[in-house]
Amino acid sequence: MRRIASLTTAVALICVCAVVAGCGTSVTGARREGPAPTETVKPRSTTAPAIAADPAALATMIRRDTAVSPDVREDLTPCNDDDYPMDTDSGYLTSGDGPDLVVNIMTCGDGLGVASYVYRKVGGKYQNVFADEHTGVYGTVDSGRLQVIHEVYRSDDPVAYPTGEESTTYVWRGTQFVQIARTYQDYGAKTPTASPEPLATDPLPVPDSDPLDPDLPSQSPTDGASSAPAGGR
(Lines give C-alpha, C1' and ligand atoms only; values in the text may rest on other atoms or scores of the structure.)
Protein backbone atom coordinates (compact mmCIF):
# COMPACT_ATOMS: atom_id res chain seq x y z
CA MET A 1 0.00 0.00 0.00
CA ARG A 2 2.88 2.38 0.78
CA ARG A 3 4.35 1.73 -2.66
CA ILE A 4 1.01 2.46 -4.34
CA ALA A 5 0.62 5.71 -2.35
CA SER A 6 4.16 6.79 -3.26
CA LEU A 7 3.54 6.00 -6.91
CA THR A 8 0.29 7.96 -6.84
CA THR A 9 2.06 10.94 -5.26
CA ALA A 10 4.85 10.84 -7.87
CA VAL A 11 2.36 10.75 -10.74
CA ALA A 12 0.50 13.72 -9.25
CA LEU A 13 3.74 15.75 -8.98
CA ILE A 14 4.62 14.97 -12.59
CA CYS A 15 1.19 16.18 -13.73
CA VAL A 16 1.53 19.39 -11.72
CA CYS A 17 4.99 20.05 -13.21
CA ALA A 18 3.68 19.38 -16.69
CA VAL A 19 0.82 21.82 -16.20
CA VAL A 20 3.13 24.53 -14.80
CA ALA A 21 5.64 24.04 -17.61
CA GLY A 22 2.85 24.18 -20.15
CA CYS A 23 1.54 27.44 -18.71
CA GLY A 24 5.00 28.97 -18.77
CA THR A 25 5.48 28.04 -22.40
CA SER A 26 2.10 29.47 -23.31
CA VAL A 27 2.87 32.88 -21.68
CA THR A 28 6.27 33.11 -23.32
CA GLY A 29 4.79 32.25 -26.68
CA ALA A 30 2.11 34.92 -26.34
CA ARG A 31 4.73 37.56 -25.55
CA ARG A 32 6.85 36.60 -28.53
CA GLU A 33 3.85 36.72 -30.83
CA GLY A 34 2.63 40.11 -29.56
CA PRO A 35 2.00 42.54 -32.46
CA ALA A 36 4.17 45.57 -33.15
CA PRO A 37 2.52 46.80 -36.35
CA THR A 38 4.21 50.17 -36.74
CA GLU A 39 7.81 49.19 -36.11
CA THR A 40 7.78 45.82 -37.87
CA VAL A 41 5.96 46.99 -40.98
CA LYS A 42 8.05 50.13 -41.46
CA PRO A 43 11.11 50.62 -39.26
CA ARG A 44 11.73 54.28 -38.53
CA SER A 45 15.03 56.07 -38.25
CA THR A 46 15.37 58.28 -35.20
CA THR A 47 18.18 60.38 -36.66
CA ALA A 48 17.84 63.67 -38.50
CA PRO A 49 17.89 63.73 -42.31
CA ALA A 50 21.41 64.06 -43.67
CA ILE A 51 20.63 67.37 -45.34
CA ALA A 52 20.00 68.91 -41.91
CA ALA A 53 23.74 68.58 -41.24
CA ASP A 54 24.68 70.35 -44.49
CA PRO A 55 23.58 74.02 -44.27
CA ALA A 56 24.84 74.88 -47.76
CA ALA A 57 22.89 72.04 -49.40
CA LEU A 58 19.80 72.86 -47.34
CA ALA A 59 19.97 76.55 -48.26
CA THR A 60 20.37 75.62 -51.94
CA MET A 61 17.30 73.38 -51.78
CA ILE A 62 15.21 76.10 -50.13
CA ARG A 63 16.31 78.69 -52.68
CA ARG A 64 15.05 76.34 -55.42
CA ASP A 65 11.65 75.99 -53.73
CA THR A 66 9.09 78.08 -55.61
CA ALA A 67 6.77 77.94 -52.57
CA VAL A 68 9.28 80.06 -50.62
CA SER A 69 8.78 83.79 -51.11
CA PRO A 70 11.32 85.60 -53.30
CA ASP A 71 12.43 87.79 -50.37
CA VAL A 72 13.28 84.79 -48.18
CA ARG A 73 15.13 83.06 -51.02
CA GLU A 74 17.13 86.18 -51.84
CA ASP A 75 18.08 86.88 -48.22
CA LEU A 76 19.07 83.29 -47.42
CA THR A 77 22.83 83.80 -47.49
CA PRO A 78 25.54 83.08 -44.89
CA CYS A 79 25.79 85.58 -42.06
CA ASN A 80 29.52 84.90 -41.86
CA ASP A 81 31.55 82.14 -43.51
CA ASP A 82 29.16 79.13 -43.67
CA ASP A 83 26.92 80.24 -40.82
CA TYR A 84 23.45 80.31 -42.39
CA PRO A 85 20.58 81.90 -40.42
CA MET A 86 18.70 78.60 -40.16
CA ASP A 87 17.64 76.17 -37.47
CA THR A 88 16.19 72.69 -38.04
CA ASP A 89 14.17 70.05 -36.24
CA SER A 90 12.99 66.65 -37.45
CA GLY A 91 10.53 63.91 -36.61
CA TYR A 92 7.56 61.95 -37.93
CA LEU A 93 4.83 64.53 -38.52
CA THR A 94 3.37 63.15 -41.76
CA SER A 95 3.11 59.75 -43.41
CA GLY A 96 6.21 60.33 -45.49
CA ASP A 97 9.06 57.99 -46.40
CA GLY A 98 11.32 59.25 -43.62
CA PRO A 99 11.59 61.86 -40.87
CA ASP A 100 10.02 65.19 -41.80
CA LEU A 101 12.27 68.24 -41.70
CA VAL A 102 11.25 71.50 -40.02
CA VAL A 103 13.32 74.48 -41.20
CA ASN A 104 13.28 77.88 -39.50
CA ILE A 105 14.75 80.90 -41.28
CA MET A 106 15.92 83.80 -39.13
CA THR A 107 17.59 87.18 -39.47
CA CYS A 108 21.35 87.35 -39.04
CA GLY A 109 21.51 90.23 -36.58
CA ASP A 110 18.93 89.47 -33.90
CA GLY A 111 17.83 85.93 -34.79
CA LEU A 112 14.22 86.96 -35.39
CA GLY A 113 12.21 84.22 -37.08
CA VAL A 114 11.01 85.19 -40.55
CA ALA A 115 9.74 81.85 -41.92
CA SER A 116 9.10 78.25 -40.96
CA TYR A 117 8.66 75.32 -43.34
CA VAL A 118 7.98 71.58 -43.13
CA TYR A 119 9.52 69.34 -45.77
CA ARG A 120 8.01 65.89 -46.22
CA LYS A 121 10.17 63.12 -47.63
CA VAL A 122 8.78 61.61 -50.85
CA GLY A 123 11.09 58.94 -52.19
CA GLY A 124 14.53 60.52 -52.06
CA LYS A 125 13.21 64.07 -52.38
CA TYR A 126 11.61 66.66 -50.09
CA GLN A 127 8.32 68.46 -50.66
CA ASN A 128 7.22 71.62 -48.88
CA VAL A 129 3.90 70.86 -47.12
CA PHE A 130 3.79 73.75 -44.64
CA ALA A 131 4.86 77.38 -44.93
CA ASP A 132 4.50 80.22 -42.43
CA GLU A 133 6.25 83.45 -43.36
CA HIS A 134 5.04 85.71 -40.55
CA THR A 135 7.63 87.64 -38.55
CA GLY A 136 8.44 86.10 -35.17
CA VAL A 137 7.65 82.51 -36.21
CA TYR A 138 9.41 79.35 -35.02
CA GLY A 139 8.39 75.73 -35.64
CA THR A 140 9.30 72.53 -33.76
CA VAL A 141 8.35 68.86 -33.56
CA ASP A 142 6.52 68.07 -30.33
CA SER A 143 5.49 64.43 -29.70
CA GLY A 144 4.66 63.79 -33.35
CA ARG A 145 2.86 67.12 -33.76
CA LEU A 146 3.91 70.38 -35.35
CA GLN A 147 4.08 73.25 -32.88
CA VAL A 148 4.42 76.76 -34.27
CA ILE A 149 5.23 79.70 -31.99
CA HIS A 150 4.54 83.30 -32.97
CA GLU A 151 6.04 86.13 -30.96
CA VAL A 152 3.45 88.91 -30.85
CA TYR A 153 4.74 92.48 -31.16
CA ARG A 154 3.13 95.87 -30.82
CA SER A 155 4.40 98.60 -33.10
CA ASP A 156 6.79 99.93 -30.46
CA ASP A 157 8.03 96.59 -29.05
CA PRO A 158 11.78 95.90 -29.38
CA VAL A 159 12.68 92.53 -30.90
CA ALA A 160 13.94 91.20 -27.57
CA TYR A 161 10.70 92.09 -25.74
CA PRO A 162 7.53 90.91 -27.51
CA THR A 163 4.13 91.62 -26.01
CA GLY A 164 3.11 87.97 -25.96
CA GLU A 165 3.30 84.57 -27.56
CA GLU A 166 0.83 82.55 -29.61
CA SER A 167 1.31 78.77 -29.79
CA THR A 168 -0.48 76.68 -32.41
CA THR A 169 -0.46 72.88 -32.69
CA TYR A 170 -1.07 71.02 -35.96
CA VAL A 171 -1.52 67.35 -36.88
CA TRP A 172 -1.33 65.68 -40.27
CA ARG A 173 -4.63 64.31 -41.55
CA GLY A 174 -4.73 62.74 -44.98
CA THR A 175 -2.70 65.12 -47.10
CA GLN A 176 -2.74 68.34 -45.03
CA PHE A 177 -2.05 69.83 -41.63
CA VAL A 178 -5.04 70.66 -39.43
CA GLN A 179 -4.99 72.96 -36.43
CA ILE A 180 -6.02 71.20 -33.21
CA ALA A 181 -5.00 73.66 -30.47
CA ARG A 182 -4.05 77.29 -30.00
CA THR A 183 -3.16 79.34 -26.95
CA TYR A 184 -2.07 82.90 -26.27
CA GLN A 185 0.14 84.12 -23.47
CA ASP A 186 0.35 87.82 -22.58
CA TYR A 187 3.77 88.58 -21.12
CA GLY A 188 2.49 91.83 -19.62
CA ALA A 189 -0.22 90.17 -17.55
CA LYS A 190 0.20 89.83 -13.78
CA THR A 191 -0.09 86.06 -14.18
CA PRO A 192 1.08 85.37 -17.77
CA THR A 193 -0.53 81.94 -18.19
CA ALA A 194 -1.49 80.54 -21.57
CA SER A 195 -5.19 80.83 -22.43
CA PRO A 196 -6.96 78.87 -25.20
CA GLU A 197 -8.02 80.71 -28.32
CA PRO A 198 -10.74 79.84 -30.90
CA LEU A 199 -9.67 77.16 -33.38
CA ALA A 200 -9.63 77.31 -37.16
CA THR A 201 -10.54 73.72 -37.97
CA ASP A 202 -10.19 73.94 -41.75
CA PRO A 203 -7.17 72.12 -43.21
CA LEU A 204 -4.25 74.36 -44.07
CA PRO A 205 -3.55 74.84 -47.77
CA VAL A 206 -0.53 72.89 -48.97
CA PRO A 207 2.15 75.08 -50.62
CA ASP A 208 2.39 74.69 -54.38
CA SER A 209 5.78 73.03 -54.49
CA ASP A 210 7.33 70.17 -56.44
CA PRO A 211 9.49 67.57 -54.64
CA LEU A 212 13.08 68.81 -54.45
CA ASP A 213 16.28 66.81 -54.72
CA PRO A 214 18.49 67.53 -51.68
CA ASP A 215 21.62 67.49 -53.89
CA LEU A 216 24.01 66.44 -51.14
CA PRO A 217 27.70 66.32 -52.14
CA SER A 218 27.86 62.62 -51.23
CA GLN A 219 24.38 61.26 -50.70
CA SER A 220 23.80 57.77 -49.32
CA PRO A 221 20.89 55.63 -50.61
CA THR A 222 19.09 56.06 -47.27
CA ASP A 223 19.13 59.79 -46.57
CA GLY A 224 18.52 60.20 -42.87
CA ALA A 225 20.10 56.89 -41.80
CA SER A 226 23.06 58.80 -40.39
CA SER A 227 23.31 62.17 -38.74
CA ALA A 228 26.89 62.70 -39.92
CA PRO A 229 27.43 65.45 -42.50
CA ALA A 230 27.46 64.18 -46.07
CA GLY A 231 30.93 63.57 -47.41
CA GLY A 232 32.38 63.56 -43.89
CA ARG A 233 33.68 60.00 -43.96
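Before reading further, recall that the structure is shown in the block above.
We now turn to the structure provided with this report. (Residues numbered from 1 in each chain as written. Predicted model: local features only at pLDDT ≥ 70, side-chain atom pairs only at ≥ 80, totals over all residues. Heavy atoms only, no water.)

**Describing the overall build of the chain**
Argument step 1. Counting secondary structure elements, the chain contains four helices and nine strands.
Argument step 2. The 233 residues of the chain split such that 30% are buried.
Argument step 3. In the chain, the proportion of contacts linking residues at least 24 apart, taken out of those at least 6 apart, comes to 45%. (Helix = DSSP H or I, 4+ residues; strand = E, 2+ residues; numbered from the N terminus. Buried < 20%, exposed > 50% of the residue type's maximum accessible area, 1.4 Å probe, protein only. Contact = heavy atoms within 4.5 Å.)

**Examining the environment of Leu 76**
Argument step 1. Residue placement: Leu 76 occurs in the loop between helix H4 (70–75) and strand E1 (86–91).
Argument step 2. Here the alpha-carbon distance between Leu 76 and Ala 59, two residues 17 residues apart in the chain, equals 6.9 Å.
Argument step 3. Among all residues touching Leu 76, those that are not within four sequence positions of it are Ala 59, Ile 62, Arg 63, Tyr 84, Pro 85, Met 86 and Ile 105.

**Thoughts on the sheet that holds strand E5 (residues 137–142)**
Argument step 1. One open sheet accounts for five strands, arranged E5-E6-E7-E8-E9; its pairing is antiparallel. Of all strands in the sheet, those bounded by a partner on one side alone are E5 and strand E9 (195–196).
Argument step 2. For E5 and strand E6 (residues 145–152), the ladder comprises six bridges, and the chain directions are antiparallel. From the neighbouring strand, Val 141 faces E6, where its bridge partner is Leu 146. (Pairing = 2+ DSSP bridges.)

**Considering the pattern of salt bridges**
Argument step 1. Per the counting criterion, the structure on display carries one salt bridge.
Argument step 2. The salt bridge partner of Asp 215 is Arg 64, with a shortest N-O separation of 3.2 Å. With Asp 215 in the segment after E9 and Arg 64 in the loop between helix H3 (55–63) and H4, this pair connects stretches of sequence that are 151 residues apart. (Salt bridge = Lys/Arg side-chain N within 4 Å of Asp/Glu carboxyl O.)

**Focus on the packing of aromatic side chains**
Argument step 1. According to the stated counting rule, one finds four aromatic pairs in the structure shown.
Argument step 2. Pairing Tyr 117 with Tyr 119 gives two aromatic rings, centres 6.4 Å apart and planes at 55°, and the pair type is tilted.
Argument step 3. We classify Tyr 119 as buried; its relative accessible area is 0%.
Argument step 4. On the numbers, 5.9 Å between centres and 80° between planes, the contact of Phe 130 with Phe 177 is edge-to-face. One end of the pair, Phe 130, is in strand E4 (residues 125–132); the other, Phe 177, is in strand E8 (residues 176–186), and 47 residues separate them in sequence. (Phe/Tyr/Trp six-rings, centres within 6.5 Å; stacked < 30°, edge-to-face > 60°.)

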